[in-house]
Amino acid sequence: MRTSHGFFVLFYLAMGSFFLGIAIQQVLVFSLLLYQLVSAIPRGGWPHGGRPRYSWPVLLFLAATVISALAFQAENGFRGNAEFYWALIAFYCIRRHQIPYLDWSRLFYILVTLAVPGLLIALWVALSGKPIRFLQFEWINGFLPNPSHFAEGYCLAAAWCLAYLHHCTRKREGMVLFAALFLLGWLFFINQNASGLISLMGLLIVFFASLFLKPRSLVRWMPLFLLVSLAIHWYLGMADMQRKDYVANSEVALSVFNDHPLLGTSHSHFSDYLGGDPKPPNLWLALLAEFGILGLACFLPLMIALIRRAFLLSQWEHEHWVVFALALSLFNYFQFSFLTYNLGNTSILLLYLLHWSIMLQWPQRSHS
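Residue positions are given per chain, counting from 1 as you read along its sequence in written order. The predicted origin of the model limits local features to residues at a pLDDT of at least 70 and limits the giving and counting of side-chain atom pairs to 80 or more, whereas totals for whole chains, interfaces and linings rest on all residues. Side-chain descriptors were evaluated using all non-hydrogen atoms of the structure, hydrogens and water having been removed beforehand.

A. Focus on the packing of aromatic side chains. Pairing of aromatic side chains requires ring centres within 6.5 Å, counting the rings of Phe and Tyr and the six-membered ring of Trp. Pairs whose planes differ by under 30 degrees are stacked, by over 60 edge-to-face, and all others tilted. Tallied over the entire structure, the rule returns 30 aromatic pairs. Aromatic pair tyrosine 109 and tyrosine 164: ring centres 5.7 Å apart, planes at 70 degrees, arrangement edge-to-face. Separated by 55 residues along the polypeptide, tyrosine 109 in helix H4 (residues 104-128) and tyrosine 164 in helix H5 (residues 151-164) bring together distant segments of the chain. Classification of residues uses two cut-offs on accessible area relative to the type maximum, computed with a 1.4 Å probe and protein chains only: under 20% is buried, over 50% is exposed, and between them is partly exposed. In this structure tyrosine 109 comes out as partly exposed when scored by relative accessible area, which is 34%. The helix count covers DSSP runs of H or I at least four residues long, the strand count covers runs of E at least two residues long, and both are numbered beginning at the N terminus.

Encoded structure:
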């Protein structure tokens, strides 16, 4: 049974809405979620096969973040905000029976088109040295004017571009995509964003390796590509002071974990127990500090499910190009997870949850 036109419009826009700012993104993502809930009412439950596949790891981790938030509130007399990973419910924005009917080329064009204004704004500023006055707004309200500050989202768009190069048959189209990737890399370079530039290089390494390796071999080599990318960033992308800050912040995160080993400090309250404004140096130490052993233990099943799914999908020798895009998005996530507290950014978390929902529910047979 085909899904109505309204779902497709909302889904395509929700996937690309990262580049429209967090306010518009949240409106679109939760409009899509509300649409799915309303469409399920006449059937008395989730349509076509019940809950989304692999939803239990997401629910498990969501529960862990809620428990951590409640424990923090109880410890502080229920004052202030209870912060948790509420964005995890975006996983329910798509059902597996809907995936075969999606127009992936259309999704790709919408995603890339919405990323273009931010690149053009950044290009104008780089060439003229002057900001565009009428675009002097906070990023929450509209187009992201600086790819350097939102490198992870733009690298995700680059991952889709690289995967689409396996699919497109027009040489001119491929040249345009390579030009856009070169522009993105150049903007990272002139803005001295080493994490964005090296992560983009990591995606390029995987792409060029895919031209010579079979899908199964490529996935097996990805951990090595990841280590190479992280080593390059550590030794070449960081100055001595940055490495010292990374180590110092790691020690702070471990100290916080030592004080709150079971449930952590709860999300966004990392600095409440410390002076100044320290930030976790990466996602994994942030999970230990903010959610404790419980949070990390509940997060790992989701990661294991994604890695196993990547290996399963790689068993097909002639797979859909979107599967490669999803694999690159997972590789991109792991790159940034060791460099920044990436999932602490709600906008990034929403974007990844949509990708992970597709990946975990991808049908056993490919669709063109």
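B. Representation of helix H11 (residues 321-337) within the structure. An expected span of 1.5 Å times one less than the residue number is assigned to each helix. Between its first and last C-alpha, H11 extends 24 Å over 17 residues, near the 24 Å set by a 1.5 Å rise per residue. Judged by how many residues are buried, H11 sits mostly within the fold: 17 of 17 residues are covered.

C. Quick look at the environment of tryptophan 321. You can see tryptophan 321 is positioned in helix H11. Each C-alpha atom, one on tryptophan 321 and one on tyrosine 164, is 6.5 Å from the other, the two residues being 157 residues apart in sequence. Contact definition: two residues touch when any of their heavy atoms are within 4.5 Å. If we skip the residues at most four places from it in the chain, tryptophan 321 touches Trp104, Ser105, Phe108, Trp160, Ala163, Tyr164 and His167.

D. Spotlight on the layout of surface pockets. Any residue with an atom within 4 Å of a point lines the site, the site being either a cavity, points on a 1 Å grid over the protein atoms alone where a 1.4 Å probe fits but cannot get out, or a pocket, an open set with protein on both sides within 12 Å along at least 5 of 7 lines. Grid points are joined across faces, edges and corners, and a volume is the space filled by probe spheres set on the points. Looking at the largest pocket, its volume works out to about 1,100 Å³. Along the walls of the largest pocket sit 36 residues, with Lys279, Pro281, Leu339, Thr340 and Tyr341 positioned nearest its centre. For the lining of the largest pocket, the secondary-structure elements that each account for two or more residues are H5, helix H7 (194-210), helix H8 (215-237) and helix H9 (240-259). We call Asp, Glu, Lys and Arg charged. Ala, Val, Leu, Ile, Met, Phe, Trp, Tyr, Cys and Pro are nonpolar, and the rest, Gly among them, are polar. For the lining of the largest pocket, the per-class residue count stands at 14 nonpolar, 17 polar and five charged.

E. Seen up close, H4. Spanning 25 residues, H4 covers 36 Å between terminal C-alpha atoms, matching the ideal 36 Å at 1.5 Å per step. The angle between axes fitted to the seven residues ending at a residue and the seven residues starting there is what we call the bend at that residue. Valine 116 marks where H4 bends most, by close to 25 degrees; the proline proline 117 follows one to four residues later. Turning to H4, its buried residues are Trp104, Leu107, Phe108, Leu111, Val112, Leu114, Ala115, Gly118, Leu119, Ile121 and Ala122. We call two N or O atoms a polar contact when they sit within 3.5 Å, provided that within protein one can donate a hydrogen and the other can accept it, with sequence-adjacent residues counted only if both atoms are side-chain atoms. One side-chain oxygen at the N-terminal end of H4 lies 3.3 Å from the backbone nitrogen of serine 105; it belongs to aspartate 103. The positive-phi residue at the C-terminal boundary of H4 is glycine 129, with phi of around 75 degrees.

F. Region of the structure containing the pattern of salt bridges. Should a side-chain nitrogen of Lys or Arg be within 4 Å of a carboxyl oxygen of Asp or Glu, the pair is scored as a salt bridge. Counted according to the given criterion, the structure contains three salt bridges. We note a salt bridge from glutamate 173 to arginine 170, for which the minimum N-O separation is 3.5 Å. One salt bridge in this structure joins aspartate 240 and arginine 243, with 2.4 Å as the shortest N-O distance. Of the two residues, aspartate 240 and arginine 243 both sit in helix H9, three residues apart, roughly one turn of that helix. In this structure arginine 243 comes out as buried when scored by relative accessible area, which is 18%.

G. Spotlight on the environment of isoleucine 94. Residue position: isoleucine 94 is located in the loop between helix H3 (55-75) and H4. Along the backbone, isoleucine 94 and proline 52 are 42 residues apart, and their C-alpha atoms lie at a distance of 7.8 Å. When sequence neighbours within four positions are dropped, the list of residues in contact with isoleucine 94 reads Phe7, Phe11, Gln36, Pro52, Ile99, Leu102, Ser357, Ile358 and Gln361.

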